[in-house]
Each structure stands twice: as structure tokens, then as C-alpha cells.
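Structural overview
So the chains spell out like this:
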Amino acid sequence: MKKLVVALDGPAGAGKSTIAKAVAEKINYAYIDTGAMYRAVTWKFVQTGHAFEEEFIGELSEKMVIEFQPRDGVNHVFADGVEITDFIRTPEISKLVSPLSAIPRVRLAMVTQQRRMGEKGGVILDGRDIGTVVFPKAELKIFLTASVDERAQRRYKEMLAKGIDVQLDVVKTEIAQRDYQDSHRAVSPLKQAEDAILLDSTGKSIDQVADFIIKKIEEKAK
Ligand code: DC
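1. Let's talk about the environment of G35
Locating G35 in the fold gives a position in helix α2 (residues 34-48). When the C-alpha positions of G35 and S17 are compared, they lie 9.0 Å apart, and in sequence the two are 18 residues distant.

Encoded structure:
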């Protein structure tokens, strides 16, 4: 069967990473979590203690090597060889990642890495601009969404499970703010590609959504 490039875009908390991971495991595709890449740059930037300057962050992002290693059901993230999987989901990073991912030079650096990682196919990438910018010719594009309430609930539970102490209404406000910022920025705003399939995951299980996508992949790969 043909190895496709699958673009999975959508707003924060729609379940993209859970779904992408499930799909990748079931059909043996590579999974590229592009949000984790912007988070990795944010983490690295925070480590430097430097002021928020576009040029500085742009240069930092161009020098970074980001890698993924799926193991034991977890997509481990490495920045320049250092494992940062658990460090990139904190509220501090979540807050800073939106303005940082709006820097054109950072986006160019990440998009270049993403294209290189996905060029051979057999890959599912999740993000905001995969179907519109990174792989506009992806064989399958899915735009995954869910209600703000459901997305906030999911993120909240995810954070509690990781031992991060937060309140549901704070998570909800943060998601709504991030939706706004991500869809109103000048460069590559969050937008459904014209040829993407709109998939609303509200009230659906992980398996239901993953199986729907796998069916579409199988149809296209014939
Ligand atoms: O999916 P996530 O919450 O881990 O993404 C973190 C941030 O990175 C999100 O606020 C928007 C940004 N992002 C982006 O601009 N482009 C992508 N392809 C993926 C994420």
C-alpha cells in the first residue's frame, strides 16, 4: 500500500495528538507532533533567560535539532539530544508558545524540518498549518475539532493526570485565548484547508475517530 502524508490540523485540545498517536501505532506510520516542536523552541528560549526578541528566537530555532522517539505509548521529544517530553506541557510554556510560534523565522525553521521529516510519506503530522502550508499536497487532510467545553475538559484531565495543579475555568480561558491568537496571527493562521475533511470529535471515542481516519487512509492508499 502507498505510504501517505496525512495532515491533521485543528484547534488546541481537539485531541489531535491522541488521535495521531493512535493512528500511527495502528498502521505503523511515523507521528510528528508539530506543536511539540514549537513548544521545544519555547522551552529552549526560556532556558536562555533572554528577553523576547524575534531575531534571537529565530536564530535559536534555526540551530535546534528536534527529534521524536515513540516508546511505550509515549512520543518522547528531544531537543538537541536532551529529553524534554515532560517539560513542554507546563502552563508557562503553553502561554508563551503562541506568540513565539507567530515569529515568521521560527515558522520557517520548523516547517523546513517538518517537510524533511515527512517527505518520504508513511507519516501523520498534527498541527495548525499542515494541510495549508507544510504539506499543501498531502494526500489526506483532516481538520479535527470539538466544542470548547469538551476541549477544556480533556486538557484539564490531561494536566491533572500529569500532576499539574490547575482549575478548569483557567484551562478553558487559556484554550479560548489560544484559539483566538492561533487563528488571527498574520503568518499561517489556523484555518481549515479547502480540501480537508471536517471531523468533530465531540462525544466520540478515540477509537471511533482513529478508525474513521484509518479507513480514509486505506481508501486513499489503494
Ligand atoms: O498543539 P499544541 O497545543 O501543542 O501547540 C502549541 C502551539 O504551537 C499552539 O498554540 C500553536 C502552535 N502551533 C503552530 O503554530 N503550528 C503548528 N503546526 C503547531 C502548533
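2. What about the sheet that holds strand β5 (residues 82-83)?
Ordered by their spatial adjacency, three strands build an open sheet running β3-β4-β5, and the pairing between neighbours is antiparallel. In this open sheet, the two edge strands, each paired with only one partner strand, are β3 (66-71) and β5. In this sheet, strand β4 (residues 74-79) lies alongside β3 in antiparallel orientation, the contact comprising six bridges. Looking at the pairing, E67 lines up with F78 of β4.

3. Some remarks on the site of the ligand
With respect to spatial proximity, 16 residues lie near the ligand, and among them R39, R107, D129, R178 and R185 are the closest. Here an oxygen atom of the ligand and a side-chain polar atom of R185 are 2.8 Å apart. Relative to its unbound accessible surface of 450 Å², the ligand loses 98% to contact with the protein. At the level of elements, α2, α4 (91-101) and α8 (168-184) are the ones that each hand at least two residues to the shell around the ligand. Among the elements that line the shell around the ligand, the one with the most residues is α2, at four residues.

The rules behind the values
- Residues numbered from 1 in each chain as written.
- Predicted model: local features only at pLDDT ≥ 70, side-chain atom pairs only at ≥ 80, totals over all residues.
- Heavy atoms only, no water.
- Helix = DSSP H or I, 4+ residues; strand = E, 2+ residues; numbered from the N terminus.
- Pairing = 2+ DSSP bridges.
- Near = heavy atom within 4 Å.
- Polar contact = N/O pair within 3.5 Å; in protein donor to acceptor, adjacent residues only side chain to side chain.
- Areas by Shrake-Rupley, 256 points an atom, 1.4 Å probe, with all protein chains shown as cover.

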